[in-house]
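Structure at a glance
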Amino acid sequence: MRAQPPVPAGTGPAGRWADAGLVSGEAVELDVRAARLGSRVLALLIDVVGQLLCAALLALTLTPLVLILLPDPVVDRALTGALETLGLVLVVVGYPVAWERLNHGRTPGKLAVGLRVVSADGGPVGLRQSLTRALVGAAVEWPGLVLPLLSWVAGATVMLTDPRGRRLGDLVAGTMVVHTRTTQTWRPAPRIIPPLAGWAVTLDLTRLDDALALAVRQYLTRGDQIVEPYRSRLARELWREVAAVTSPTPPPGVPESLLLAAVLAERNRRGALRLRRNRALTATLWSDPDRVGTDSTGSPLR
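The structure presented is a predicted model; accordingly, all values stated were derived computationally and were not measured.

So, about the pairing of strand β2 (residues 175–179). Judged by how many residues are buried, β2 sits mostly within the fold: 5 of 5 residues are covered. Burial of β2 is two-sided: the residues Thr 175, Val 177 and His 179 facing one way and the residues Met 176 and Val 178 facing the other way are all buried. Here strand β1 (residues 115–119) pairs with β2 via 5 bridges, running antiparallel. In the sheet register, Val 118 faces β2, and the bridge partner there is Met 176.

You can see Glu 100 is positioned in helix α3 (residues 77–102). Owing to a relative accessible area of 3%, Glu 100 belongs among the buried residues under this scheme. Engagement of the side chain of Glu 100 in a polar contact is seen with the side chain of Arg 133, the distance being 2.8 Å. Ignoring any residue separated from it by four or fewer positions in sequence, one finds Glu 100 in contact with Gly 105, Arg 106, Thr 107, Val 117, Val 125, Ser 130 and Arg 133.

Once that is clear, we can look at the nonpolar core. Formed by 24 residues in total, the largest nonpolar core has its most connected members in Trp 199, Leu 260 and Val 263. Of all the elements in the fold, those that place two or more residues in this core are α8 (197–201), α9 (210–222), α10 (230–245) and α11 (256–285). When neighbours within four sequence positions are excluded, Val 263 is seen to be in contact with Trp 199, Leu 203, Leu 205, Leu 208, Trp 239 and Val 242. Grouped together as the second largest cluster of nonpolar side chains are 7 residues, Ala 35, Val 113, Val 117 and Val 177 included.

A few words now on the pattern of salt bridges. Side chains that carry opposite charge are capable of pairing whenever their charged atoms lie near each other. What the rule picks out here adds up to 9 salt bridges. Note that Arg 267 is salt-bridged to Asp 210, the shortest N-O span being 2.5 Å. You can see Arg 267 sitting in helix α11 and its partner Asp 210 sitting in helix α9, a full 57 residues away along the chain. Residue classification places Arg 267 among the partly exposed positions, given a relative accessible area of 24%. Residues joined by salt bridges that share partners form a network here, namely Arg 40, Glu 100, Arg 133 and Asp 170.

Moving on, we come to the packing of helix α2 (residues 37–69) against α3. One can describe the packing of α2 onto α3 by two numbers: an axis separation of 10 Å at closest approach and a directional angle of 145°. Viewed along their axes, α2 and α3 form a crossing whose handedness is right-handed. On α3, the residues that touch Asp 47, Gly 50, Gln 51, Cys 54, Ala 55, Leu 58, Leu 62 and Val 66 of α2 are Leu 79, Leu 83, Gly 87, Leu 90, Val 91, Val 92, Tyr 95 and Pro 96. Split by residue class, the contact of α2 with α3 holds 12 nonpolar, 3 polar and 1 charged.

Mapping Asp 170 onto the fold places it in helix α7 (residues 168–173). Taking the C-alpha atoms as reference points, Asp 170 and Ala 120, 50 residues apart in sequence, are found 8.5 Å from one another. Setting aside residues up to four positions removed in sequence, Asp 170 forms contacts with Arg 40, Arg 133, Thr 175, Met 176 and Val 177. At 2.7 Å, the side chain of Asp 170 and the side chain of Thr 175 are in polar contact.

Moving on to helix α5 (residues 127–141). The periodicity of an α-helix, 3.6 residues per turn, causes residues three or four positions apart to be oriented the same way. For α5, built from 15 residues, the straight-helix expectation of 21 Å at 1.5 Å per residue is met to within 8% by its first-to-last C-alpha distance of 20 Å. Along α5, the residues classified as buried are Gln 129, Ser 130, Arg 133, Ala 134, Val 136, Gly 137, Ala 138 and Glu 141.

Mean pLDDT over the protein works out to 81, with 80% of the residues at or above the 70 mark. Here helix α1 (residues 12–15) stands out as the element of the protein with the lowest mean pLDDT, 42, in contrast to helix α4 (residues 108–113), whose mean of 94 is the highest. Counted against residues more than four places away or in other chains, residues 289–302, with its pLDDT under 50, gives 9 contacts.

Quick look at unusual backbone geometry now. Residue Pro 229 is bonded to the preceding Glu 228 through a cis peptide linkage, with omega at 5°. The residue Pro 229 is located in the loop between α9 and α10 in this model. Look at the link from Ser 247 to Pro 248: it is a cis peptide, with omega at 0°. Residue placement: Pro 248 occurs in the loop between α10 and α11. For His 104, which is not glycine, the phi torsion reads 55° and is therefore positive. Looking at the secondary structure, you find His 104 in the loop between α3 and α4.

The topology assignment puts Gln 129 in helix α5. There is a polar contact of 2.9 Å between the side chain of Gln 129 and the backbone nitrogen of Gly 126. Only 3.4 Å separates the side chain of Gln 129 from the backbone oxygen of Ala 173, close enough to count as a polar contact. Ignoring any residue separated from it by four or fewer positions in sequence, one finds Gln 129 in contact with Ser 119, Pro 124, Ala 173, Gly 174 and Thr 175.

As a further point, take the packing of α9 against α11. Running from N to C, α9 and α11 point in directions that differ by 125°, and their axes come no closer than 10 Å. As summarised for this structure, α9 and α11 are arranged oblique, according to the angle between their axes. The hand of the α9/α11 crossing is left-handed. Side by side, α9 and α11 meet where Asp 210, Ala 213, Val 216, Arg 217, Tyr 219 and Leu 220 of the first sit next to Ser 257, Leu 260, Ala 261, Leu 264 and Arg 267 of the second.

Here is what the cut-offs are and how they apply
Along every chain, residues carry numbers that run from 1 in the direction the sequence is written. Totals for whole chains, interfaces and linings use all residues, but because this is a predicted model, local features are given only for residues with pLDDT of at least 70 and pairs of side-chain atoms are given and counted only at 80 or more. Derived side-chain values reflect all non-hydrogen atoms in the structure, with water molecules and hydrogen atoms excluded from consideration. Think of it in three bands: with a 1.4 Å probe and only protein chains considered, a residue is buried below 20% of the maximum accessible area for its type, exposed above 50%, and partly exposed in between. Counting from the N terminus, the helices are the DSSP runs of H or I reaching at least four residues and the strands are the DSSP runs of E reaching at least two. One bridge is not enough; two strands pair if DSSP finds at least two bridges between them. The definition of a polar contact used here is a pair of N or O atoms within 3.5 Å, where within protein one atom must be able to donate a hydrogen and the other to accept one, and adjacent residues in sequence count solely through side-chain atom pairs. Every residue pair with non-hydrogen atoms within 4.5 Å of one another is taken to be in contact. Nonpolar cores are built from buried Ala, Val, Leu, Ile, Met, Phe, Trp, Tyr and Cys residues. Side-chain atoms within 4.5 Å join them into one set. Salt bridge, as used here, is a side-chain nitrogen of Lys or Arg placed within 4 Å of a carboxyl oxygen of Asp or Glu. All axes are obtained by fitting lines to C-alpha atoms, using only the stretch in contact for helices, and the reported angles, taken between N-to-C directions, cover 0 to 180 degrees. A crossing counts as left-handed when the near helix is turned anticlockwise from the far one by less than a right angle, and as right-handed when that turn is clockwise. Gly is placed with the polar residues, together with every amino acid not listed as nonpolar (Ala, Val, Leu, Ile, Met, Phe, Trp, Tyr, Cys and Pro) or charged (Asp, Glu, Lys and Arg). One less than the number of residues in a helix, times 1.5 Å, gives the span that helix is expected to have. pLDDT expresses, on a scale from 0 to 100, how confident the predictor is about each individual residue. Any angle that falls under 35 degrees is termed roughly parallel, while one over 145 is termed roughly antiparallel, one within 65 to 115 roughly perpendicular, and all others oblique.

Given below as C-alpha coordinates:
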(Lines give C-alpha, C1' and ligand atoms only; values in the text may rest on other atoms or scores of the structure.)
Protein backbone atom coordinates (compact mmCIF):
# COMPACT_ATOMS: atom_id res chain seq x y z
CA MET A 1 0.00 0.00 0.00
CA ARG A 2 1.25 3.29 1.32
CA ALA A 3 0.04 5.39 -1.55
CA GLN A 4 -2.07 8.49 -1.46
CA PRO A 5 -5.71 8.06 -2.42
CA PRO A 6 -6.77 9.82 -5.59
CA VAL A 7 -7.21 13.55 -5.11
CA PRO A 8 -9.89 15.26 -7.19
CA ALA A 9 -8.33 17.19 -10.06
CA GLY A 10 -7.77 20.85 -9.39
CA THR A 11 -7.86 20.58 -5.60
CA GLY A 12 -4.88 21.55 -3.49
CA PRO A 13 -1.53 22.81 -4.72
CA ALA A 14 -0.71 19.66 -6.63
CA GLY A 15 -3.96 19.75 -8.58
CA ARG A 16 -2.90 22.87 -10.41
CA TRP A 17 0.31 21.28 -11.72
CA ALA A 18 -0.19 17.53 -12.10
CA ASP A 19 -1.67 17.83 -15.60
CA ALA A 20 0.25 15.05 -17.35
CA GLY A 21 -2.48 12.52 -16.56
CA LEU A 22 0.02 9.83 -15.53
CA VAL A 23 -1.20 7.27 -13.00
CA SER A 24 0.98 4.81 -11.09
CA GLY A 25 0.27 1.11 -10.77
CA GLU A 26 -1.47 1.84 -7.47
CA ALA A 27 -4.04 4.11 -9.17
CA VAL A 28 -2.39 7.26 -7.80
CA GLU A 29 -2.10 10.33 -10.01
CA LEU A 30 1.55 11.35 -10.28
CA ASP A 31 2.57 14.95 -9.64
CA VAL A 32 4.03 15.46 -13.11
CA ARG A 33 3.54 18.42 -15.43
CA ALA A 34 3.20 18.07 -19.18
CA ALA A 35 5.61 20.19 -21.21
CA ARG A 36 3.92 22.90 -23.29
CA LEU A 37 4.84 24.81 -26.41
CA GLY A 38 7.09 27.42 -24.76
CA SER A 39 9.45 25.07 -22.92
CA ARG A 40 9.59 22.66 -25.85
CA VAL A 41 10.48 25.41 -28.33
CA LEU A 42 13.28 26.55 -26.02
CA ALA A 43 14.61 22.98 -25.82
CA LEU A 44 14.35 22.71 -29.62
CA LEU A 45 16.41 25.87 -30.14
CA ILE A 46 19.17 24.45 -27.94
CA ASP A 47 19.06 21.18 -29.85
CA VAL A 48 19.21 23.01 -33.18
CA VAL A 49 22.49 24.57 -32.05
CA GLY A 50 23.71 21.10 -31.11
CA GLN A 51 22.66 19.71 -34.48
CA LEU A 52 24.47 22.50 -36.32
CA LEU A 53 27.62 21.72 -34.35
CA CYS A 54 27.25 18.03 -35.22
CA ALA A 55 26.78 18.90 -38.90
CA ALA A 56 29.91 21.05 -38.89
CA LEU A 57 31.86 18.27 -37.15
CA LEU A 58 30.70 15.73 -39.73
CA ALA A 59 31.64 18.04 -42.60
CA LEU A 60 35.10 18.65 -41.17
CA THR A 61 35.81 14.98 -40.57
CA LEU A 62 33.89 13.16 -43.31
CA THR A 63 35.01 15.26 -46.27
CA PRO A 64 38.78 14.86 -45.74
CA LEU A 65 38.26 11.16 -44.99
CA VAL A 66 36.44 10.60 -48.30
CA LEU A 67 39.07 12.51 -50.26
CA ILE A 68 41.85 10.44 -48.68
CA LEU A 69 40.27 6.99 -48.98
CA LEU A 70 38.62 7.27 -52.39
CA PRO A 71 40.30 8.02 -55.70
CA ASP A 72 39.38 11.16 -57.57
CA PRO A 73 37.30 9.48 -60.35
CA VAL A 74 34.98 7.97 -57.74
CA VAL A 75 34.20 11.26 -56.02
CA ASP A 76 31.51 12.67 -58.29
CA ARG A 77 28.32 14.67 -57.82
CA ALA A 78 26.23 11.55 -57.07
CA LEU A 79 28.53 10.44 -54.25
CA THR A 80 28.62 13.94 -52.83
CA GLY A 81 24.82 14.10 -52.85
CA ALA A 82 24.57 10.71 -51.17
CA LEU A 83 26.97 11.77 -48.43
CA GLU A 84 25.04 15.01 -47.89
CA THR A 85 21.81 13.03 -47.56
CA LEU A 86 23.44 10.63 -45.11
CA GLY A 87 24.76 13.52 -43.03
CA LEU A 88 21.31 15.15 -43.00
CA VAL A 89 19.69 11.94 -41.77
CA LEU A 90 22.32 11.50 -39.07
CA VAL A 91 21.89 15.06 -37.82
CA VAL A 92 18.12 15.41 -38.08
CA VAL A 93 17.06 11.88 -37.13
CA GLY A 94 20.07 10.23 -35.54
CA TYR A 95 20.77 13.10 -33.13
CA PRO A 96 17.47 12.97 -31.16
CA VAL A 97 17.19 9.17 -31.33
CA ALA A 98 20.70 8.60 -30.03
CA TRP A 99 20.35 11.11 -27.20
CA GLU A 100 16.93 9.82 -26.12
CA ARG A 101 18.21 6.25 -26.04
CA LEU A 102 21.48 7.01 -24.25
CA ASN A 103 20.23 9.71 -21.88
CA HIS A 104 16.86 8.38 -20.67
CA GLY A 105 14.66 10.36 -23.05
CA ARG A 106 16.60 13.62 -22.80
CA THR A 107 18.39 15.48 -25.56
CA PRO A 108 20.81 18.25 -24.51
CA GLY A 109 18.05 20.82 -25.02
CA LYS A 110 15.56 18.88 -22.93
CA LEU A 111 18.18 18.29 -20.25
CA ALA A 112 18.91 22.01 -20.05
CA VAL A 113 15.23 22.97 -19.81
CA GLY A 114 14.29 20.07 -17.52
CA LEU A 115 12.20 17.93 -19.88
CA ARG A 116 12.05 14.23 -20.69
CA VAL A 117 10.34 12.09 -23.32
CA VAL A 118 8.28 9.23 -21.86
CA SER A 119 5.70 6.80 -23.15
CA ALA A 120 2.08 7.83 -22.95
CA ASP A 121 1.65 5.59 -19.90
CA GLY A 122 4.66 7.12 -18.13
CA GLY A 123 7.13 4.34 -18.94
CA PRO A 124 10.56 4.83 -20.53
CA VAL A 125 10.59 5.68 -24.23
CA GLY A 126 11.59 2.83 -26.55
CA LEU A 127 13.79 2.80 -29.63
CA ARG A 128 10.86 2.42 -32.02
CA GLN A 129 9.05 5.31 -30.36
CA SER A 130 12.11 7.58 -30.54
CA LEU A 131 12.67 6.71 -34.20
CA THR A 132 9.00 7.25 -35.07
CA ARG A 133 8.75 10.67 -33.42
CA ALA A 134 12.06 11.73 -35.01
CA LEU A 135 10.93 10.71 -38.50
CA VAL A 136 7.55 12.41 -38.13
CA GLY A 137 9.24 15.49 -36.75
CA ALA A 138 11.70 15.69 -39.64
CA ALA A 139 8.96 15.21 -42.23
CA VAL A 140 6.18 17.50 -41.03
CA GLU A 141 7.41 19.48 -38.00
CA TRP A 142 11.07 20.41 -37.78
CA PRO A 143 12.72 21.01 -40.16
CA GLY A 144 9.52 20.00 -41.97
CA LEU A 145 10.66 18.59 -45.26
CA VAL A 146 7.04 18.32 -46.46
CA LEU A 147 5.28 21.70 -46.82
CA PRO A 148 7.37 23.47 -44.16
CA LEU A 149 5.24 26.53 -43.37
CA LEU A 150 1.93 24.69 -43.43
CA SER A 151 3.28 21.79 -41.35
CA TRP A 152 4.73 24.19 -38.76
CA VAL A 153 1.35 25.85 -38.28
CA ALA A 154 -0.36 22.47 -38.06
CA GLY A 155 2.18 21.21 -35.53
CA ALA A 156 1.84 24.29 -33.31
CA THR A 157 -1.96 24.01 -33.47
CA VAL A 158 -1.87 20.38 -32.41
CA MET A 159 0.39 21.18 -29.43
CA LEU A 160 -1.78 24.08 -28.31
CA THR A 161 -5.01 22.09 -28.50
CA ASP A 162 -3.82 18.77 -27.09
CA PRO A 163 -4.60 18.45 -23.34
CA ARG A 164 -1.08 17.13 -22.65
CA GLY A 165 0.79 19.37 -25.09
CA ARG A 166 1.76 16.56 -27.45
CA ARG A 167 2.98 17.22 -30.98
CA LEU A 168 2.24 15.15 -34.08
CA GLY A 169 5.27 12.95 -33.51
CA ASP A 170 4.12 12.21 -29.97
CA LEU A 171 0.63 11.27 -31.10
CA VAL A 172 1.97 8.87 -33.73
CA ALA A 173 4.65 7.33 -31.50
CA GLY A 174 2.53 7.16 -28.34
CA THR A 175 4.81 9.43 -26.31
CA MET A 176 4.71 12.72 -24.45
CA VAL A 177 7.17 15.19 -22.93
CA VAL A 178 7.04 15.99 -19.22
CA HIS A 179 8.86 18.25 -16.81
CA THR A 180 11.42 16.56 -14.58
CA ARG A 181 11.68 19.44 -12.13
CA THR A 182 8.94 19.77 -9.56
CA THR A 183 7.45 23.16 -8.71
CA GLN A 184 7.39 22.35 -5.01
CA THR A 185 10.19 22.08 -2.50
CA TRP A 186 10.74 19.08 -0.22
CA ARG A 187 9.88 20.25 3.25
CA PRO A 188 11.29 18.70 6.44
CA ALA A 189 9.02 16.38 8.39
CA PRO A 190 7.24 17.89 11.43
CA ARG A 191 9.08 17.51 14.71
CA ILE A 192 7.88 15.65 17.76
CA ILE A 193 5.73 17.60 20.20
CA PRO A 194 7.07 17.76 23.80
CA PRO A 195 4.22 15.77 25.44
CA LEU A 196 5.11 12.75 23.26
CA ALA A 197 8.88 12.93 23.77
CA GLY A 198 8.90 10.60 26.78
CA TRP A 199 6.74 8.00 25.04
CA ALA A 200 8.80 8.16 21.85
CA VAL A 201 12.05 7.37 23.69
CA THR A 202 10.60 4.06 24.91
CA LEU A 203 9.45 2.93 21.44
CA ASP A 204 10.54 -0.40 20.00
CA LEU A 205 11.20 0.40 16.34
CA THR A 206 13.05 -2.76 15.32
CA ARG A 207 10.18 -3.95 13.11
CA LEU A 208 9.54 -0.59 11.42
CA ASP A 209 10.99 -1.10 7.94
CA ASP A 210 12.28 1.54 5.54
CA ALA A 211 9.31 1.31 3.16
CA LEU A 212 6.77 2.10 5.87
CA ALA A 213 8.97 4.88 7.28
CA LEU A 214 9.20 6.42 3.81
CA ALA A 215 5.42 6.28 3.42
CA VAL A 216 5.04 8.08 6.75
CA ARG A 217 7.51 10.75 5.71
CA GLN A 218 5.76 11.32 2.40
CA TYR A 219 2.46 11.74 4.20
CA LEU A 220 3.89 14.18 6.76
CA THR A 221 5.65 16.34 4.18
CA ARG A 222 2.85 16.40 1.62
CA GLY A 223 -0.27 15.78 3.64
CA ASP A 224 -1.52 19.34 3.10
CA GLN A 225 -1.96 18.52 -0.58
CA ILE A 226 -4.57 15.86 0.21
CA VAL A 227 -8.13 17.01 0.74
CA GLU A 228 -10.37 15.76 3.49
CA PRO A 229 -11.61 13.16 4.27
CA TYR A 230 -8.78 11.39 2.40
CA ARG A 231 -6.07 12.97 4.54
CA SER A 232 -7.50 11.77 7.84
CA ARG A 233 -8.32 8.37 6.38
CA LEU A 234 -4.76 7.93 5.13
CA ALA A 235 -3.36 8.99 8.52
CA ARG A 236 -5.48 6.35 10.26
CA GLU A 237 -4.40 3.66 7.81
CA LEU A 238 -0.73 4.54 8.19
CA TRP A 239 -0.96 4.64 11.96
CA ARG A 240 -2.67 1.26 11.98
CA GLU A 241 0.31 -0.19 10.13
CA VAL A 242 2.83 1.60 12.34
CA ALA A 243 1.07 0.61 15.56
CA ALA A 244 1.16 -3.04 14.49
CA VAL A 245 4.98 -3.04 14.42
CA THR A 246 5.78 -0.70 17.32
CA SER A 247 5.25 -0.69 21.08
CA PRO A 248 4.24 0.52 23.66
CA THR A 249 0.84 2.01 22.92
CA PRO A 250 0.68 5.82 22.74
CA PRO A 251 -1.17 8.14 25.11
CA PRO A 252 -4.91 8.24 24.37
CA GLY A 253 -6.57 11.04 22.47
CA VAL A 254 -3.58 12.06 20.36
CA PRO A 255 -4.24 12.61 16.61
CA GLU A 256 -2.70 10.05 14.29
CA SER A 257 -0.65 12.67 12.42
CA LEU A 258 1.13 13.69 15.63
CA LEU A 259 1.81 10.07 16.51
CA LEU A 260 3.29 9.45 13.08
CA ALA A 261 5.48 12.55 13.43
CA ALA A 262 6.72 11.36 16.83
CA VAL A 263 7.59 7.88 15.54
CA LEU A 264 9.42 9.26 12.52
CA ALA A 265 11.32 11.87 14.54
CA GLU A 266 12.46 9.25 17.06
CA ARG A 267 13.55 6.90 14.28
CA ASN A 268 15.53 9.69 12.65
CA ARG A 269 17.12 10.64 15.99
CA ARG A 270 18.27 7.09 16.61
CA GLY A 271 19.56 6.76 13.06
CA ALA A 272 21.59 9.98 13.38
CA LEU A 273 23.00 8.84 16.73
CA ARG A 274 23.96 5.45 15.29
CA LEU A 275 25.64 7.16 12.33
CA ARG A 276 27.71 9.40 14.62
CA ARG A 277 28.84 6.40 16.63
CA ASN A 278 29.85 4.50 13.52
CA ARG A 279 31.82 7.45 12.23
CA ALA A 280 33.59 7.87 15.55
CA LEU A 281 34.48 4.16 15.59
CA THR A 282 35.73 4.32 12.00
CA ALA A 283 37.86 7.37 12.79
CA THR A 284 39.37 5.50 15.74
CA LEU A 285 40.20 2.34 13.79
CA TRP A 286 41.35 4.10 10.61
CA SER A 287 43.33 7.11 11.75
CA ASP A 288 44.59 9.67 9.24
CA PRO A 289 48.00 8.44 7.98
CA ASP A 290 49.03 11.99 7.13
CA ARG A 291 48.49 13.19 10.68
CA VAL A 292 51.71 13.38 12.73
CA GLY A 293 51.48 11.90 16.21
CA THR A 294 52.90 13.48 19.36
CA ASP A 295 54.61 12.10 22.43
CA SER A 296 53.78 12.81 26.06
CA THR A 297 55.52 16.19 25.91
CA GLY A 298 53.61 17.31 22.85
CA SER A 299 56.57 17.03 20.51
CA PRO A 300 55.93 15.48 17.08
CA LEU A 301 56.96 11.88 16.65
CA ARG A 302 59.63 11.21 14.03
